[in-house]
Amino acid sequence: MGPKCTWNPSLKAEEGAWWEGTAQQRQGNQDLQRWQRELLACDPGHSPIPPAGAPHIAHFMEPLMEATIMVYATITSQLLPTPAKSHYTFNLRDLSKVFQGMLMADPAKVEDQVQLLQLWYHENCRVFRDRLVNEKDRSWFNQLLKRCMEQWEVTFNKVCPFQPILYGDFMSPGSDVKSYKFITSESKMMQVIKEYIEDYNQINTAKLKLVLFMDAMSHICHISCTLRQALGNAVLLGVGGSGLSSLTRLASHMAE
């Protein structure tokens, strides 16, 4: 196990005790402990045989949680709201949503630390990076996560061989079990989404006429993830005619 990322409470002194003792922290710890037990297949009633690959990443749970706390503390101290960035306000709900997103993945399908870090990177981007309004802030955020990854002796390019890193549960239409997994093929994702559009247009009078490109498909992935989560919510900002409303209707249809 590589060295742990550390959190300096002086980054935000008034929140020095924000993590310990909060109900959200207790629930987050319980969820993480449950996921770790699943990684080792030690839950009561589960088979004692661990799922393939799971023991190789079980020991990353604690340092990964500390790294996420460090990312949150750094963001809240460095990315402060301004008149042009008034929505740069982050709280503990955002921190919990990173873990909530990771918990949607099947631990038995996460076979090594690279796959675990891909999931971790995606959830941090979905929760934090999507709010950033310019390339300077997004590059700063990527460098922050890159420094965390390097502490485990894993390069950023190995975790993120291409951009964007996307996860979704819609890649197997008609399947009874929707598996939240890494999307490796842009062309396959586009084909699957086109099939959903055709299905939507067959049962609705208001037709969707969408031109699919990577940004649009990224929005669909993130909206789908939000709809999958309990009490999931999001604010979609864009000029009129940008298609965000249509993408939301499509994502809702895909979630049915």
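Calculation rules
- Residues numbered from 1 in each chain as written.
- Predicted model: local features only at pLDDT ≥ 70, side-chain atom pairs only at ≥ 80, totals over all residues.
- Heavy atoms only, no water.
- Helix = DSSP H or I, 4+ residues; strand = E, 2+ residues; numbered from the N terminus.
- Buried < 20%, exposed > 50% of the residue type's maximum accessible area, 1.4 Å probe, protein only.
- Contact = heavy atoms within 4.5 Å.
- Core = buried A, V, L, I, M, F, W, Y, C linked by side-chain atoms within 4.5 Å.
- Disulfide = S-S within 2.5 Å.
- Phe/Tyr/Trp six-rings, centres within 6.5 Å; stacked < 30°, edge-to-face > 60°.

K.L.:
How would you sum up the environment of Lys188? Please name residues and give values.
P.N.:
Position of Lys188 relative to the elements: it lies in helix α7 (residues 186–203). Residue classification places Lys188 among the partly exposed residues on the basis of a relative accessible area of 48%. Spatially, the C-alpha atoms of Lys188 and Met171 are 8.3 Å apart, while their sequence positions differ by 17 residues.

K.L.:
Before we move on, could you go through the side chain of Gln118 and cite the residues and values that matter?
P.N.:
Summarising the element assignment, Gln118 is placed in helix α4 (residues 113–127). By relative accessible area, Gln118 is classed as buried at 7%. Residues within four places of Gln118 in sequence aside, it is in contact with Lys158, Val159, Pro161, Ile165, Tyr167 and Phe182.

K.L.:
Explain the environment of Leu208 to me, using residue names and the numbers behind them.
P.N.:
Here Leu208 lies in the loop between α7 and α8 (214–228). Its relative accessible area of 4% is what places Leu208 among the buried residues.

K.L.:
How would you summarise the nonpolar core if you had to cite specific residues and measurements?
P.N.:
Counting 45 residues, the largest nonpolar core has Val71 and Trp120 as its most contacted members. Those elements giving two or more residues to this core turn out to be α2 (61–78), α3 (92–102), α4, α5 (135–150) and α6 (156–159). Sort the elements by how many residues they give to this core and α2 lands first, with nine residues. Residues contacting Trp120, with those up to four places away along its chain left out, are Leu64, Ala67, Thr68, Val71, Met102, Leu145, Cys148 and Met149. In this structure, Leu166, Ile193, Ile220 and Ala251 belong to the second largest nonpolar core, which totals 22 residues.

K.L.:
Describe unusual backbone geometry, with residues and values.
P.N.:
The phi torsion of most residues other than glycine is negative, and most of the peptide bonds are trans. Going from Gln163 to Pro164, the amide bond is cis rather than trans, its omega being -5 degrees. Here Pro164 is to be found in the loop between α6 and β1 (167–168). In the Ramachandran plot, Glu153 falls in the positive-phi region, its phi being about 60 degrees despite a non-glycine side chain. Note on placement: Glu153 falls in the loop between α5 and α6.

K.L.:
Which residues make up the state of the cysteines, and what are the values?
P.N.:
Note on terminology: a disulfide is the covalent bond linking the sulfur atoms of two cysteines. Counting across every chain of the model gives zero disulfides. With no disulfide of its own, Cys125 has Cys160 as its nearest cysteine by sulfur position, at a separation of 7.0 Å. You can call Cys125 buried: its relative accessible area is 9%. Between Cys225, a cysteine without a disulfide, and Cys221, which holds the nearest cysteine sulfur, the sulfur-to-sulfur distance is 9.3 Å.

K.L.:
Residues and numbers for the packing of aromatic side chains, please.
P.N.:
Applying the stated rule across the entire model yields six aromatic pairs. Measuring from centroid to centroid gives 5.5 Å for Tyr167 and Phe182, while their planes differ by 35 degrees, and the two rings are tilted. Here Tyr167 is found in strand β1, whereas its partner Phe182 is found in strand β2 (residues 181–182), with 15 residues between them in sequence. For Tyr167, a relative accessible area of 6% gives the class buried. By relative accessible area, which is 21% here, Phe182 ends up partly exposed. Linked through ring pairs, Phe162, Tyr167, Tyr180 and Phe182 together constitute an aromatic cluster.

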